[in-house]
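In case you want the letters, here they are:
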Amino acid sequence: MNLILLIAMGFLSVTIFFCLLRAVLGPRMTDRLVAVNIISIKGIILILLIGQYLHDNQFMDIAMVYVLLSFLAVVCLARNMLARAAKKEKEEGTNGNV
Amino acid sequence: MEMFKLIAGAVFIAIGLFIFGVATLGLFRFSYVLNRVHVAAKCDSLAALFVCIGLMFFSTGAGAIIKLLVIAAFIWLTNPVASHLVCKIEVETNENLENECEVEELP
Amino acid sequence: MPILLFLLWLVFNGRFTVDVIISGVIATAILTWFLAKFTGWSVKRDGKFAARIPAFIFFVLRLIVEVIAANIHMIGLVLSKDPDAKIQPKIVKHKTPLKTGVGRVALANSITLTPGTITVDVGDGCVYVHAIDDNSREGLGDSALEKKLIGMEKGL
């Protein structure tokens, strides 16, 4: 069982690295947001695997909190970006009127 | 019985990891954000569910199994909403959306 | 709802002792008072939701089947030779008769999880959908999930 979990953790870490590459390379801001979303879900699964590997059920509570926190992070970033886009549009509108 | 649990858990975790790998590959194969979000939204939800089911075979006690189910349910609730927000931002901030996909009608 | 909250408390604790149960009862009472005061919760509404639990379980099973189909579709697309040439992305407007907020959110989430479509925006009486190819766009018109949701919404 430990061997299976170790292989799974290694594979997951490699895929997380490639997602990070996408987040760094991404041409647009939304590319990075998608990559960050995927990384957070993989991180949750990684926490669960580590908890099973160490035979410690406390890790599940950490994972549960992390699900909600990562979702909150994406929502906050999204609201921030939407607000910035609306502000930019407004400024352009006033410049056009003047 | 122990052997059966081990094999079943290993199979479920392997399927989940394969879908995670496909999701990562999809991030590089597609060329535009709205197509990448498709991969991110679908493959990640199912892969998380499969790994959680696989871990249920390994874990001991009813509390752990229910907690794993609750985590999977949280992921299924939150992941589509996050993807939808990413789509909304992309549609609202991209000025030349028509170059990338046909647009029938916009909100 | 109070019973559900109390069970959740017990699951999160993982132990079954007297102090856990006493603090759980206090926390559940405070949360129930909060729900009744700020979100209009009542025992009557709980009963209405409880009557829908069997339909909801069928809905979730159907959703899992759809998600597996969606994943097979996506895996085929990603592993094909030239994914960008095989897709025809398009944004379309999809009318829906669902009226309540919960129903529309459930529809948007299930559209995101079914093959080849993703929700961009939810408007008044319609949702804007990004479809990845022509087949999935045509399949949007007569989805079984939406019919199930409409059946669940009746009499709410």
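Whatever comes next refers back to the structure up there.
Definitions and cut-offs
Each residue is numbered by its place in its chain's sequence as written, counting from 1. To label them, take the chains in the order written and letter them from A, then take the ligands in the order written and number them from 1. In keeping with the model being predicted, local features are shown solely for residues with a pLDDT of at least 70 and side-chain atom pairs are shown and tallied solely at 80 or more, while totals for entire chains, interfaces and linings include all residues. Working from all heavy atoms in the structure, the side-chain values ignore hydrogens and water. Put simply, DSSP H or I for four residues or longer makes a helix, DSSP E for two residues or longer makes a strand, and each gets a number counted from the N terminus. Buried means the residue's accessible area, taken with a 1.4 Å probe over protein chains only, is under 20% of the maximum for its type, while exposed means over 50%, and partly exposed covers the values in between. Contacts are assigned to residue pairs with any non-hydrogen atoms lying within 4.5 Å of each other. Residue burial considers only the protein chains on display, and all accessible areas are found by Shrake-Rupley using a 1.4 Å probe. Put simply, buried area is how much 1.4 Å-probe accessible surface two parts lose in total, over both of them, once they are put together. By convention in these notes, a salt bridge is any Lys or Arg side-chain nitrogen within 4 Å of a carboxyl oxygen on Asp or Glu. Any N or O atom pair separated by 3.5 Å or less is treated as a polar contact, with the protein-specific requirement of one donor-capable and one acceptor-capable atom, and with residues adjacent in sequence counted only for side-chain atom pairs. Gly is placed with the polar residues, together with every amino acid not listed as nonpolar (Ala, Val, Leu, Ile, Met, Phe, Trp, Tyr, Cys and Pro) or charged (Asp, Glu, Lys and Arg). Centres within 6.5 Å make a pair out of two Phe, Tyr or Trp rings, where for Trp the six-membered ring is used; the pair is then stacked when the planes are under 30 degrees apart, edge-to-face when over 60, and tilted otherwise. By this rule the span expected of a helix is its residue count minus one, scaled by 1.5 Å. Strand pairing is assigned whenever DSSP detects at least two bridges linking the two strands. Only C-alpha atoms enter the line fits that serve as axes; for helices the fit covers just the stretch in contact. Angles between N-to-C directions range over 0 to 180 degrees. Any angle that is under 35 degrees is reported as roughly parallel, and any over 145 degrees as roughly antiparallel; angles of 65 to 115 degrees are reported as roughly perpendicular and all others as oblique. Any residue with relative accessible area above 30% and no salt bridge may belong to a patch, with like charges joined within 9 Å and the nonpolar Val, Leu, Ile, Met, Phe, Trp and Tyr side chains within 5 Å. The positive count covers Lys and Arg only, the negative count covers Asp and Glu only, and His and the chain ends enter neither. Here the site of a charge means atom NZ of a Lys, CZ of an Arg, CG of an Asp or CD of a Glu.

## A look at the overall build of chain C
Phase 1: A tally of regular secondary structure across chain C gives seven helices and three strands.
Phase 2: Its helices and strands in sequence order give chain C the pattern α-α-α-α-β-α-β-β-α-α, from N to C terminus.
Phase 3: Among the 156 residues that make up chain C, the fraction classed as buried is 38%.
Phase 4: For chain C, contacts bridging at least 24 residues in sequence account for 62% of all contacts bridging at least 6.
Phase 5: Within the structure as shown, chain C displays about 8800 Å² of accessible surface, and the carbon and sulfur contribution to it stands at 70%.

## A closer look at the overall build of chain A
Phase 1: Looking only at helices and strands, chain A has three helices and zero strands in total.
Phase 2: Going from the N terminus to the C terminus, chain A shows its helices and strands as α-α-α.
Phase 3: Counted over contacts in chain A with a minimum sequence separation of 6, partners at least 24 positions apart contribute 57%.

## Side note on the interface of chain A and chain B
Phase 1: At the junction of the two partners, chain A supplies 39 residues and chain B supplies 40 residues.
Phase 2: Summed over both sides, the interface of chain A with chain B buries roughly 3800 Å², with 80% coming from carbon and sulfur.
Phase 3: At the boundary of chain A and chain B, one finds one salt bridge.
Phase 4: Our enumeration of links across chain A and chain B arrives at five residue pairs in polar contact (both at pLDDT 80 or more).
Phase 5: Of all the elements in the fold, those that place two or more residues in the side of chain A that touches chain B are α1 (2–25), α2 (29–53) and α3 (58–97) of chain A.
Phase 6: Here the side of chain A that touches chain B is built from residues that sort into 29 nonpolar, five polar and five charged.

## Notes on the packing of aromatic side chains
Phase 1: On inspection of all chains with the given rule, the structure shows five aromatic pairs over all chains.
Phase 2: Where B:F12 meets B:F57, the ring centres are 5.9 Å apart and the plane angle is 15°; that geometry is what we call stacked. One end of the pair, B:F12, is in helix α1 (residues 2–29); the other, B:F57, is in helix α2 (residues 33–58), with 45 residues separating them in the sequence.
Phase 3: Through pairs of rings, three or more aromatic residues link up here, namely A:F17, A:F18 and B:F28.

## Quick look at the side chain of C:N71
Phase 1: When you line up the elements, C:N71 lands in helix α4 (residues 53–79).
Phase 2: Take C:N71: its relative accessible area is 2%, and that puts it in the buried class.
Phase 3: Not counting chain neighbours up to four residues away, the residues in contact with C:N71 comprise B:I19, B:K42, B:C43 and B:L46.

## Re the interface of chain C and chain B
Phase 1: With 38 residues of chain C at the contact, the number on the chain B side is 39 residues.
Phase 2: Surface buried jointly by chain C and chain B totals about 3500 Å² across both partners, of which 71% is contributed by carbon and sulfur atoms.
Phase 3: Contact with chain B buries surface across chain C, with C:V78, C:I91 and C:V120 losing the most and accounting together for 17% of the total.
Phase 4: Viewed at the interface, chain B and chain C are joined by zero salt bridges.
Phase 5: Inspection of the region where chain C meets chain B yields zero residue pairs in polar contact (both at pLDDT 80 or more).
Phase 6: Every element with two or more residues in the side of chain C that touches chain B is listed here: α1 (2–13), α4, β1 (90–95), α5 (101–113), β2 (117–122) and β3 (126–131) of chain C.
Phase 7: Looking at the side of chain C that touches chain B element by element, the count peaks at 11 residues for α4(C).

## Details of α1(A)
Phase 1: The end-to-end C-alpha distance of α1(A) is 35 Å, a good match for the 34 Å that 24 residues give at a rise of 1.5 Å each.
Phase 2: Buried within α1(A) we find A:L5, A:A8, A:M9, A:L12, A:T15, A:I16, A:C19, A:R22 and A:A23.

## A few points about the pairing of β2(C)
Residues and elements named next belong to chain C.
Phase 1: Among the six residues in β2, five count as buried, and that is most of the element.
Phase 2: Here five bridges tie β2 to β3, and the two strands are oriented antiparallel to one another. The residue bridging I118 from the neighbouring strand is H130, located in β3.

## As for the packing of helix α3 (residues 62–93) of chain B against α5(C)
Phase 1: Following both chains from N to C, one finds α3(B) and α5(C) inclined at 85°, their axes separated by 9 Å at the closest point. The angle between α3(B) and α5(C) falls in the class roughly perpendicular. Here B:W76, B:L77, B:P80 and B:V81 of α3(B) lie close against α5(C), whose contacting residues are C:N109, C:T112 and C:L113.
Phase 2: Its residues assigned to classes, the contact of α3(B) with α5(C) shows five nonpolar, two polar and no charged.

## Let's talk about a negative patch on the surface
Phase 1: A surface patch of like charges, here negative, comprises A:E89, A:E91, A:E92 and B:E92.
Phase 2: Broken down by element, the residue count for the negative patch peaks at three residues, all from α3(A).
Phase 3: Given the relative accessible area of 47%, A:E91 is considered partly exposed.

## Some thoughts on a nonpolar patch on the surface
Phase 1: Residues A:V14, A:F17, A:F18, A:L21, A:L25 and B:F28 make up a contiguous nonpolar surface patch of about 540 Å² in total accessible area.
Phase 2: For the nonpolar patch, the element with the most residues is α1(A), which contributes five residues.

Any functional reading would require information that these geometric values do not contain.
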